[in-house]
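For reference, the chains in residue letters:
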Amino acid sequence: MKKDIHPDYRRVVFRDKSGDFSFLTGSTRESNETIEWHDGNTYPVVDVEISSASHPFYTGQQRVMDTQGRVEKFKKRYGQK
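Residues numbered from 1 in each chain as written. Predicted model: local features only at pLDDT ≥ 70, side-chain atom pairs only at ≥ 80, totals over all residues. Heavy atoms only, no water.

A. Inspection of unusual backbone geometry at higher detail. A positive phi angle, close to 65 degrees, is found at Asp 4, a residue other than glycine. Turning to its location among the elements, Asp 4 is positioned in the segment before strand S1 (10-16). Exposure remark for Asp 4: the relative accessible area of 82% places this residue in the exposed category. (Helix = DSSP H or I, 4+ residues; strand = E, 2+ residues; numbered from the N terminus. Buried < 20%, exposed > 50% of the residue type's maximum accessible area, 1.4 Å probe, protein only.)

Take a look at the structure:
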């Protein structure tokens, strides 16, 4: 590998403020903010708008669309004549 062309890979905390959820992982994202983690170390923190804690698909709040009625309406309007 060439030197000085790759970003630094380090431990970063991603925080979902709407879901009050955060997790520690490796990343190349940079941040000026820091947070003290459960292990007592200080890590950079990146705020995200949505995560598995707040996404409707993962929380079970996803709405299911009624596609059967739409298909029947289409066939009725443009079906075989």
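There's plenty left to go through after this.
B. Structural detail: the packing of aromatic side chains. All chains considered together, the criterion is met by 3 aromatic pairs. Ring geometry for Phe 14 and Phe 23: centres 5.7 Å apart, planes at 20 degrees, overall stacked. Judged by relative accessible area, which is 13%, Phe 14 ranks as buried. Taking the centre distance of 5.2 Å and the plane angle of 50 degrees together, the rings of Phe 74 and Tyr 78 count as tilted. (Phe/Tyr/Trp six-rings, centres within 6.5 Å; stacked < 30°, edge-to-face > 60°.)

C. Geometry of the pairing of strand S2 (residues 21-27). Here S1 pairs with S2 via 7 bridges, running antiparallel. Its bridge partner lying in S2, Arg 11 is registered against Gly 26. What sits between S1 and S2 in their antiparallel hairpin is a turn of 4 residues, with Asp 20 showing a positive phi close to 50 degrees. (Pairing = 2+ DSSP bridges.)

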